[in-house]
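Working through the structure, step by step
Here is how the chains run, residue by residue.
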Amino acid sequence: MNHVAKRVKTSPAGSRSVVVMSLRGPRNGDNASTLNKMARELVVATGTPVVAAAGNDAGDACKYVPGSEDEVITVGGTNRADGTYRRTNFGRCVDILAPAARVRSATVRCDNCSRVSSGTSQAAPLVAGAVVAMLDEDPSLTPTQIRMKLLQDAASDRVDLSPVPGDMRLQTANKLLHIPARSAFQPRVTPACRTVWSIKSGVGEGDPTSVACNVNETIMGCSSLAADGGMRAGEFNTELPDGRQACVAMNGAGGTGVYAVARCCSWPGARCYLRKSGKSSSRDDAEVKAKCDRTLFSCDMLVGCSASSETGFIDGVRLERSRFLGLIPSSLRKCAAQNGKGGSGVTAHATCCKSRDMKCKVVWSEHSKTGETQVTATCPSGTLLTGCNVYEKDGRAEGAYPVDNTCVARGKGVKAAAICCKRKW
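Presented here is an overview of the structure given in this document.

Things to note about the packing of helix α1 (residues 2–9) against helix α2 (residues 32–46)
- Two elements in contact, α1 and α2, have axes whose closest approach is 10 Å; the angle formed by their N-to-C orientations is 10°. As summarised for this structure, α1 and α2 are arranged roughly parallel, according to the angle between their axes. Contacts from Asn2, Val4, Ala5, Val8 and Lys9 in α1 reach Met38, Leu42 and Thr46 in α2.
- Residue composition of the contact of α1 with α2, by class: five nonpolar, two polar and one charged.

Overview of the state of the cysteines
- Going through the model one piece at a time under the given rule, you end up with 11 disulfides.
- In this model Cys62 forms its disulfide with Cys93; the gap between the sulfur atoms is 2.0 Å. Because the torsion about its S-S bond is 110°, the bridge between Cys62 and Cys93 counts as right-handed. Of this pair, Cys62 sits in the loop between β3 (50–53) and β4 (64–65) while Cys93 sits in the loop between β5 (73–78) and β6 (96–99); the two residues are 31 residues apart in sequence, bridging distant segments of the chain.
- The disulfide that involves Cys360 links it to Cys421, with 2.1 Å between the sulfurs. Every disulfide takes its handedness from the sign of the S-S torsion; for Cys360 and Cys421 that torsion is 110°, giving right-handed.

A look at the side chain of Lys149
- Along the chain, Lys149 turns up in helix α4 (residues 143–153).
- With relative accessibility at 11%, the residue Lys149 sits in the buried group.
- A distance of 3.0 Å separates a polar atom in the side chain of Lys149 from a polar atom in the side chain of Ser183.
- Here Lys149 is in contact with Met134, Ser183 and Phe185, once residues within four sequence places are set aside.

A word on the packing of aromatic side chains
- Tallying each qualifying case throughout the model produces two aromatic pairs.
- Three or more aromatic residues joined by ring pairs make a cluster, and in this case those are Trp197, Tyr259 and Tyr401.

Some remarks on the pairing of strand β14 (residues 232–239)
- Here β14 pairs with strand β15 (residues 245–251) via six bridges, running antiparallel. Bridging across to β15, Glu235 finds its partner in Ala249.
- Hairpin connection of β14 to β15: five residues between the antiparallel strands, including Gly243 at a positive phi of 95°.

A short note on α2
- The first and last C-alpha atoms of α2 sit 21 Å apart over 15 residues, in line with the 21 Å expected at 1.5 Å per residue.
- Where α2 is concerned, the buried positions are Ala32, Leu35, Asn36, Ala39, Leu42 and Val43.
- The elements touched by buried residues of α2 are α1, β1 (19–21), β2 (25–26), β3, β4 and α4.
- In the segment just after α2, Gly47 is the residue with positive phi, at about 70°.

Let's talk about the pattern of salt bridges
- Tallying each qualifying case throughout the model produces 18 salt bridges.
- For Glu69, the salt bridge is made with Arg40, and the minimal N-O distance between the two is 3.0 Å. Separated by 29 residues along the polypeptide, Glu69 in the loop between β4 and β5 and Arg40 in helix α2 bring together distant segments of the chain.
- Residue Arg40 is classed as partly exposed on the basis of its relative accessible area of 23%.
- Ionic pairing is found between Lys393 and Asp285, a salt bridge with its closest N-O pair at 3.0 Å. Note that Lys393 is positioned in the loop between β25 (384–391) and β26 (399–403) and Asp285 in the loop between β17 (271–279) and β18 (287–291), a separation of 108 residues in sequence.
- Look at Lys393 and you get partly exposed, because its relative accessible area is 40%.

Reading guide: rules and limits
Residues numbered from 1 in each chain as written. Predicted model: local features only at pLDDT ≥ 70, side-chain atom pairs only at ≥ 80, totals over all residues. Heavy atoms only, no water. Axes fitted to C-alpha atoms, helices over the stretch in contact; angles between N-to-C directions. Helix = DSSP H or I, 4+ residues; strand = E, 2+ residues; numbered from the N terminus. Parallel < 35°, antiparallel > 145°, perpendicular 65-115°, else oblique. Contact = heavy atoms within 4.5 Å. Nonpolar A, V, L, I, M, F, W, Y, C, P; charged D, E, K, R; others polar. Disulfide = S-S within 2.5 Å. Buried < 20%, exposed > 50% of the residue type's maximum accessible area, 1.4 Å probe, protein only. Polar contact = N/O pair within 3.5 Å; in protein donor to acceptor, adjacent residues only side chain to side chain. Phe/Tyr/Trp six-rings, centres within 6.5 Å; stacked < 30°, edge-to-face > 60°. Pairing = 2+ DSSP bridges. Expected span 1.5 Å × (residues − 1). Salt bridge = Lys/Arg side-chain N within 4 Å of Asp/Glu carboxyl O.

Structure, rendered in structure tokens:
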């Protein structure tokens, strides 16, 4: 790694590099933290994209380095039938999938020698090759733009993830490497978002878990999902000391753990900030609102809305438009949180953005019917899902999470609320 870093830093001015790391070691091993730190420095300090193999242990990719480093593009493997490669690692640390079964690659025996091999060590160079092609077309691309472009160009929901166990299946990005003849992604124009999961919290009441967006990403939505149908105490966005932003979720009373789910975005020209309300009373259905700023002639846009409590009895959130002169509905601006029966009070948390060319609206699902345990709300074509949350009158919703441009809400009698944004021009 020292040699690689030296070569990158001494490259001629204007040239770009791509580092591919077809290797893996245990995250708790000697020098593991050093390897992740050096990979991160390559990305953050030099702007060099780093692509790493997820590993071939048929387990959690987050347990290995360098694929567990957030700033690295971590590649899982697929087979020839568009299923998961039988030994690929998986989970929330995997960013994208690429062919890993019987891939022909070069060898060191001679200049034109090749062999057929399998594993994520073959999948990672395929993604690195796509990154090289991107940089050949546009050398100014940043690592954040490269990741977003890979994910936007990828084929979504094409891989059979059924062999991946339990909640890991939800957390593994179903994005298959695809290189289109003409990409719709324009780096300094196209807004883009991705979904990032936390580890599961502890099972104690109020036990937190959190997940942060990468450097140069903006957190817009923050959701939470209770494990095994348990209780959650909501979620909220926060600023970290290192300048990044994180989504924090808390386990509810009697819960079995909870996940925080962040919507990490890149929206050219937008400046975003956080607002929160005071705490509501403990009365059933008590409501508080967090509001985005407005002036006489304009309002900032609500792009994310969350609710948190100390006990876990939350009805959820509702999203409201501002009204011009108190009469005419205008911009989506208000995040309303509602306390549930037995709750000790709730706080509303809004993520707001200043942008001249952003327009947002909310798309609601129907209530889940008898026998149903989840519902979805999908943003229309041409818009981007920035926030995903749930509302349920009796305060027993399991939570919500985004999948591409769809908001999934879980629980009995729940409604899903998707915040869908687009550029005005």
